[in-house]
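What follows is the residue order along each chain.
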Amino acid sequence: MDEFDVVVLGAGPTGENLADRVRADGLSVAVVEHELVGGECSYWACMPSKALLRPAAALADARRVAGAREAVAGRLDAEAVLRRRDDFASHWKDDGQVRWLNGAGITLVRGHGRLDGEKRVVVETPEGRQRMLVARHAVALCTGTRAALPDLPGLAELRPWTSREATSSRAVPGRLAVVGGGVVAVEMATAWRALGSEVVLLVRGSRLLPRVEPFAGELVAESLAEAGVEVRFGASVAGVRRDGAVELTLDGGEVLTADEVLFATGRIPATTDLGLECVGLSAGKPVEVDDTGLAAGVPGDWLYAAGDVNGRVLMTHQGKYQGRVFGAAIVDRAAGRELDLAPWGRSVATADTLAVPQVVFTDPEVAAVGLTLDEALNAGRRARAVDYDLGSVAGASLFADGYRGWVRAVVDLDRETLLGVTFVGPGVAELLHAATVAVTGEVPIARLWHAVPAYPTISEVWLRLLETYRDQGTD
């Protein structure tokens, strides 16, 4: 039996950040991991997917500028792109991440961990032994999610791609069917089409990227079609089989043939074998938490859940944020200090509901933070959308010939602050943090007039948004 102040299940970005936060304040901490230290993001999601997407974006940017486009010939070198992707995924080895844990003074325990009662975790080691860990103060569940697959007969035998296979494939499929209309679906359709695949995107609904402003999905759909992706809305897969090639039967009876099929149909929490039942929680469901990370319905203020596993916001950076905030709450409770529970306080993850940033690395990019207009109105806010054609900004026209993009700011008319901002266009990802600061800081619009954008940059769109809002009036 080994005793630590804090025991963390899951060594992905969330678990690493939580462990680092409590260790920095002097608590001892063990992290339990049964796969690779660094988690999904490092090896099968954020890093390898963006490594696949960046060459396509760089090539597209060059082709949008006269003088540069004449110097560009041919297609992407797929083998070189995949080699670079492998480098960013550390060749699926976690030596560097383990060195970081060791350097931070965090104990790594290899194996599968399960709760075994209050503040107790039993670990099944790779050697088949059991090791008991006891936490003096807290156990934190940071086990993330796994790909959700539809209940289709024969799907397991089909060996479909999930996000893991889509980001780690060693070869470019000749024909790729992508099922879904969310972030993974559109990013992987973008990447593999640029690498040479014939791609068909099967979307059950009527739009792409349904969680952001509608114009974002519309612009991405147009761009995908221009790149040669066949985008089909209202398309549902009713049956699957593999006989060498993959055959997908759609509702209505049409059969599509592909070499591989990616099901990008959502994520489910990795809670099926965590021993949740022994503390009165349900396996296979998100672990509901309060704003300090405490698991609901578990007495004693000792069980926390951070990151995707709690279902609040399924994004790596937001899980890391929760790891820092919830880690600080663990430290304060361990020291007997009063928590700061006011909105935006030290001990609460307020940004999870009011200021979540996201970038979709398609071409064009989509970058958004905070509430959409519909979300603001549905929440009872008196809000207005302020829209502007991003391509008409001088910096955008210099960035790319014929630049196409759009920006929307959602304004709280009562407080005259920003509730949300959405950018769509080439290169807009790096505009997002300024918007995140404005939304998180609840910066008054009157003060934003004094934030002078450098000329000629795309950021001058901030001035154009303020002018548009002024000209609309405040009623």
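See the structure above.
Please read these numbers as outputs of a predicted model, since none were measured by experiment.

A. Region of the structure containing the overall build of the chain. For the chain, the helix and strand inventory stands at 16 helices and 21 strands. At 24 Å, the chain has a C-alpha radius of gyration in line with the 23 Å of a compact globule built from 475 residues. If you line up the chain on its principal axes, its C-alpha atoms span 65 × 65 × 45 Å. Once local pairs closer than 6 in sequence are excluded, the contacts in the chain between residues at least 24 apart make up 63%. Charge separation in the chain, taken as the distance between the mean sites of 49 positive and 64 negative side-chain charges, equals 2 Å.

B. Examining the nonpolar core more closely. The biggest cluster of nonpolar side chains holds 60 residues, and the ones touching the most others in it are Val8, Leu18, Leu418, Val421 and Phe423. Beyond its immediate stretch of four places on either side in the chain, Phe423 contacts Glu365, Val366, Ala367, Trp406, Val407, Val428, Leu431, Leu432, Ala435, Val461 and Trp462. Counting 36 residues, the second-largest nonpolar core is a separate cluster that includes Leu76, Ala78, Ala191 and Phe215.

C. The packing of aromatic side chains, seen in detail. As enumerated under the stated definition, the model contains four aromatic pairs in all. For the pair Phe423 and Trp462, a centre-to-centre distance of 6.3 Å together with 70 degrees between the ring planes defines the contact as edge-to-face. Of this pair, Phe423 sits in strand β21 (residues 417-425) while Trp462 sits in helix α16 (residues 461-472); the two residues are 39 residues apart in sequence, bridging distant segments of the chain. What makes Trp462 buried here is its relative accessible area of 14%. Geometry around Trp44 places Arg164 over its ring, the cationic atom sitting 3.6 Å from the centre.

D. Main features of the sheet that holds strand β18 (residues 365-370). On the basis of which strands lie adjacent, the open sheet formed by five strands has the order β17-β18-β21-β20-β19 and antiparallel pairing. Since the sheet does not close on itself, it has two edges, and those belong to β17 (357-360) and β19 (383-389), each with one partner. The average angle at which neighbouring strand axes cross in this sheet is 10 degrees, direction not considered.

E. Inspection of the packing of helix α8 (residues 183-194) against helix α9 (residues 214-227) at higher detail. Packing of α8 against α9 brings their axes to within 11 Å, and their N-to-C directions diverge by 25 degrees. Relative to α9, the element α8 is oriented roughly parallel. The hand of the α8/α9 crossing is left-handed. Side by side, α8 and α9 meet where Val186, Ala189, Thr190 and Arg193 of the first sit next to Val220, Leu224 and Ala227 of the second.

F. Up close: unusual backbone geometry. In this chain, Asp363 is followed by Pro364 through a cis amide linkage whose omega measures 10 degrees. Note that Pro364 resides in the loop between β17 and β18. Note that the residue after Tyr455, namely Pro456, is joined by a cis bond; omega there is -5 degrees. One can find Pro456 in the loop between α15 (445-448) and α16. Even without being glycine, Trp92 reaches a positive phi, approximately 60 degrees.

G. Just the pattern of salt bridges, in detail. With the rule as written, the count across this model stands at 37 salt bridges. Ionic pairing is found between Asp332 and Arg337, a salt bridge with its closest N-O pair at 2.9 Å. Looking at Arg337, the relative accessible area reads 44%, which means it is partly exposed. Linking Arg382 and Asp414 is a salt bridge whose minimum nitrogen-to-oxygen distance equals 2.9 Å. Here Asp414 lies in the loop between β20 (406-412) and β21 and Arg382 lies in the loop between α12 (373-378) and β19, a separation of 32 residues in the sequence. Beyond isolated ion pairs, a larger network of salt bridges with shared partners links Glu35, Glu40, Arg164 and Arg267.

H. The arrangement of the packing of helix α3 (residues 46-63) against helix α4 (residues 78-88) in detail. Packing of α3 against α4 brings their axes to within 8 Å, and their N-to-C directions diverge by 150 degrees. The angle between the axes of α3 and α4 places the two elements in the roughly antiparallel class. In this structure, α3 crosses over α4, and the sense of that crossing is right-handed. Contacts between α3 and α4 pair Met47, Pro48, Ala51, Leu52, Arg54 and Pro55 from the former with Val81, Leu82, Arg84, Arg85 and Phe88 from the latter. For the contact of α3 with α4, a count of residues per class yields eight nonpolar, no polar and three charged.

So, how was this worked out
- Residues numbered from 1 in each chain as written.
- Predicted model: local features only at pLDDT ≥ 70, side-chain atom pairs only at ≥ 80, totals over all residues.
- Heavy atoms only, no water.
- Helix = DSSP H or I, 4+ residues; strand = E, 2+ residues; numbered from the N terminus.
- Rg over C-alpha atoms; globule rule 2.2 N^0.38 Å.
- Contact = heavy atoms within 4.5 Å.
- Lys, Arg positive; Asp, Glu negative; His and termini not counted.
- Charge placed at Lys NZ, Arg CZ, Asp CG, Glu CD.
- Core = buried A, V, L, I, M, F, W, Y, C linked by side-chain atoms within 4.5 Å.
- Buried < 20%, exposed > 50% of the residue type's maximum accessible area, 1.4 Å probe, protein only.
- Phe/Tyr/Trp six-rings, centres within 6.5 Å; stacked < 30°, edge-to-face > 60°.
- Lys NZ or Arg CZ within 6 Å of the ring centre and 35° of its normal.
- Pairing = 2+ DSSP bridges.
- Axes fitted to C-alpha atoms, helices over the stretch in contact; angles between N-to-C directions.
- Parallel < 35°, antiparallel > 145°, perpendicular 65-115°, else oblique.
- Left-handed = near helix turned anticlockwise from the far one by under 90°.
- Salt bridge = Lys/Arg side-chain N within 4 Å of Asp/Glu carboxyl O.
- Nonpolar A, V, L, I, M, F, W, Y, C, P; charged D, E, K, R; others polar.

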